[in-house]
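So the chains spell out like this:
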Amino acid sequence: MTENISRKDLKLVISGAVAMLIFIGVLAVLEQGPPSSYIYLGSSPLNIGSLGTSEIYMITKQIYPKTFLILSWSHIPTVSCEKAVLIIISPEKYYSEEDLYNIKSFAEKCNSFNIFIADESGVSNQILELFNSSLRISGKIILSTEPIKGSGLEIRNISQMMVSSLISTNMSLYPVSSLLYPEAVFNISSDKKYVVRLDIASSIEEISKESSYVETIGFVEKGFVVNNSYISEESYVASFKTSGEDMVYYLIYSQGSERYYSMLDLMKTIRVGVLETIDKINILVIGDGSLFLNQVLRSDLRYNYMDLYIDLLNKLCDKDPDCLVIFDGSRYNKLDPYEIISNPRYISLVPMAQIIAMFLAKLLHPATWMPPMVSWIDNLINELINMSVLRPLIILLIGLVSSLIWLRREISIKDYSFREIRYVDILNFRELVENIRRGRIKFDEKDFMTLYNYMNEIFIHYLGVSLEDPVLPKVLSDYNVDPNFVSRYQKYMNKYKNKIVKKKIVDRIIPVAWGRVVRKAARDSLNILEAIGSYVKKDFG
């Protein structure tokens, strides 16, 4: 009787402890606040939209397993750095002095450290300066000499006087937007050549030629280099032939309310891909980060751009599978899902499924809805209590609920009488043992329950404890039975008894090999019975 009370008290204590831990966990979750479910914009590897670089990140990770993403240069993971490549694609925010110091410190820990930059804005020039590179991304846009197919002739809001004074009647005039996509040729090695269409690409300049080796690996065969500030919807390129049959080009652009024009120089071999070697550091600079965006790698031309990227990366990693590849994900803007939903101009930049998933993750978090709910319930109860008509009813209801909770805490104690073993159980047990000895193959859960009930009755009758009692190993140790063996036997028997009695969904799906279970249980049961056999023999002979 005392033991049953102790077990129930123990169960109550454990349940209370679990409930308290859950309560503490909920408080911790509320204290921490909702998850930081930010959606990254721009060319971030965490942006799965068309303008992100999540595809190129996953491709890199498949080739070089030691690929990871850095979201803050103040928290650099501790990794071995025999050979490393830092990848920066179209960063949107400038680096702080602390960031630059941490990047330099990390690079100095590596035996080999190379840099892969694909950028058209010039933000990553900070990194080029940090490593004493002679290269700079000019930020000037490359225009092709031929308009894209179907652009046609278009003249808008251009002073006829300006045109007539500028150009003769054989003029051709094209909007700048029709000339923004020149073709570039990349020569990675003597036997590999790629021709790709650029987007808003920048030319690469060389500010000095001291103590470095520079190799041009990508170029536009001919085109114009135009200051980015001159490009708008009202910008045009005009061309006409001179008397000497030479082509002359002018850029017509707006500055405020005024219109201007300037002569354009037709350039040959505009560099858009350069590899520089400085003190054993290879710096690869591409003047167009859009070559590696998701929208390109999900297009019909994906394999051409993907192969170009892989060859460029292999050139820096020397195809070493242990090469450490670091994606810089710290230079991109991130927004809360609420901000994106409230600002329609962002919605087109991020997949709707991602917005909904992030929004629901934050909305369903307890820190979002629980404090307002608790506050609302508290206010409701205060209002009800202050209502004189409902006050007695509420007090009566609280008293009734409290009484029910108290009554349920009363422990009903099952009095184990000193039962006799049922004769039918003895016969079934002997029949089961005989079947095992004869080598019967098939047994089921009924055979197991026969064995379980028989052993349980033996333990209760002769030892005063049941097969579920935790003190059973200690009691049987007085009969020279190894308590560790008994503990394993007890867990085994109760485990399969619970599978039969409780019938969980998992137990219904996964079948049990009852033949093996029954044979093992019978062998272990007979070993225990042999130890206490002299006592059983007095009653059953």
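You'll find the structure just up there.
Residues numbered from 1 in each chain as written. Predicted model: local features only at pLDDT ≥ 70, side-chain atom pairs only at ≥ 80, totals over all residues. Heavy atoms only, no water.

**Regarding the nonpolar core**
Right, on to step 1. Counting 41 residues, the largest nonpolar core has Ile87, Phe116, Phe186, Phe292, Tyr309 and Leu312 as its most contacted members.
Right, on to step 2. Sorting elements by how many residues they give to this core places helix 7 (residues 302–317) first, with 9 residues.
Right, on to step 3. When sequence neighbours within four positions are dropped, the list of residues in contact with Tyr309 reads Ile56, Thr60, Ile87, Phe116, Phe292 and Phe327.
Right, on to step 4. Formed by 30 residues, the second largest nonpolar core is a distinct cluster that contains Phe459, Ile500, Ala521 and Ile532. (Core = buried A, V, L, I, M, F, W, Y, C linked by side-chain atoms within 4.5 Å. Buried < 20%, exposed > 50% of the residue type's maximum accessible area, 1.4 Å probe, protein only. Helix = DSSP H or I, 4+ residues; strand = E, 2+ residues; numbered from the N terminus. Contact = heavy atoms within 4.5 Å.)

**Quick notes on helix 7**
Right, on to step 1. Taking 1.5 Å per residue, 16 residues should reach 22 Å; helix 7 reaches 22 Å between its end C-alpha atoms and fits that length.
Right, on to step 2. Phi turns positive, to about 55°, at Asp318, one or two residues after helix 7. (Expected span 1.5 Å × (residues − 1).)

**Description of the sheet that holds strand 13 (residues 258–264)**
Right, on to step 1. As summarised here, the arrangement of the 4 strands in space is 6-11-12-13, forming an open sheet in which the pairing is antiparallel. Strand pairing shows two members of the sheet lacking a second neighbour, strand 6 (172–175) and strand 13, which therefore form its edges. Strand-to-strand twist of the sheet, defined as the mean angle between neighbouring strand axes without regard to direction, takes the value 25°.
Right, on to step 2. Alignment of strand 6 against strand 11 (residues 236–241), held across 4 bridges, turns out to be antiparallel. Within strand 11, the position partnered with Tyr174 by the bridge is Val237. (Pairing = 2+ DSSP bridges. Axes fitted to C-alpha atoms, helices over the stretch in contact; angles between N-to-C directions.)

**Concerning the state of the cysteines**
Right, on to step 1. With the rule as written, the count across this model stands at 2 disulfides.
Right, on to step 2. Note on cysteine connectivity: Cys81 is disulfide-linked to Cys110, with sulfurs 1.6 Å apart. Between Cys81 and Cys110 the disulfide shows an S-S torsion of about 90°. By sign, it is right-handed. Of this pair, Cys81 sits in the loop between strand 2 (67–70) and strand 3 (83–89) while Cys110 sits in the loop between helix 3 (97–108) and strand 4 (112–118), placing them 29 residues apart in sequence. (Disulfide = S-S within 2.5 Å.)

**Looking at the pattern of salt bridges**
Right, on to step 1. With the rule as written, the count across this model stands at 9 salt bridges.
Right, on to step 2. Residue Glu55 is joined to Arg298 by a salt bridge in which the shortest nitrogen-to-oxygen separation is 3.0 Å. Here Glu55 is found in helix 2 (residues 54–63), whereas its partner Arg298 is found in the loop between helix 6 (294–297) and helix 7, with 243 residues between them in sequence.
Right, on to step 3. A relative accessible area of 24% means that Glu55 is categorised as partly exposed.
Right, on to step 4. For Arg298, a relative accessible area of 44% gives the class partly exposed.
Right, on to step 5. A salt bridge links Glu183 to Arg197; the nearest nitrogen and oxygen atoms lie 3.4 Å apart. With Glu183 in strand 7 (residues 183–189) and Arg197 in strand 8 (residues 192–197), this pair connects stretches of sequence that are 14 residues apart. (Salt bridge = Lys/Arg side-chain N within 4 Å of Asp/Glu carboxyl O.)

**Focus on the environment of Val475**
Right, on to step 1. Tracing the backbone shows Val475 in helix 15 (residues 472–477).
Right, on to step 2. For the pair Val475 and Gly464, spaced 11 residues apart in the sequence, the C-alpha separation amounts to 9.2 Å.
Right, on to step 3. For Val475, the residues in contact, after removing those within four places along its chain, are Leu463 and Val465.

**Some thoughts on the pairing of strand 3**
Right, on to step 1. In terms of residue burial, strand 3 counts as a mostly covered element, since 7 of its 7 residues are buried.
Right, on to step 2. Of the two faces of strand 3, the one holding Lys83, Val85, Ile87 and Ile89 and the one holding Ala84, Leu86 and Ile88 are both buried throughout.
Right, on to step 3. Judged from the 7 bridges that link them, strand 3 and strand 4 form a sheet pairing that is parallel. By the bridge assignment for strand 4, Ile89 is matched with Ala118.
Right, on to step 4. Crossover handedness for the path strand 3 to helix 3 to strand 4: right-handed.
Right, on to step 5. Here strand 3 pairs with strand 16 (residues 324–328) via 4 bridges, running parallel. Bridging across to strand 16, Val85 finds its partner in Val325. (Right-handed = clockwise from strand over helix to strand, strands pointing away.)

**What about the environment of Ile252?**
Right, on to step 1. Among the secondary structure elements, Ile252 is positioned in strand 12 (residues 247–255).
Right, on to step 2. Since its relative accessible area comes to 0%, Ile252 is described here as buried.

**Focus: unusual backbone geometry**
Right, on to step 1. Residues other than glycine seldom take positive phi values, yet Ser90 does so here, at roughly 40°.
Right, on to step 2. Within the fold, Ser90 resides in the loop between strand 3 and helix 3.
Right, on to step 3. The backbone phi angle of Thr269 is positive, close to 55°, even though this residue is not glycine.
Right, on to step 4. Looking at the secondary structure, you find Thr269 in strand 14 (residues 267–278).
Right, on to step 5. Thr269 gets classed as partly exposed once you look at its relative accessible area, which sits at 47%.

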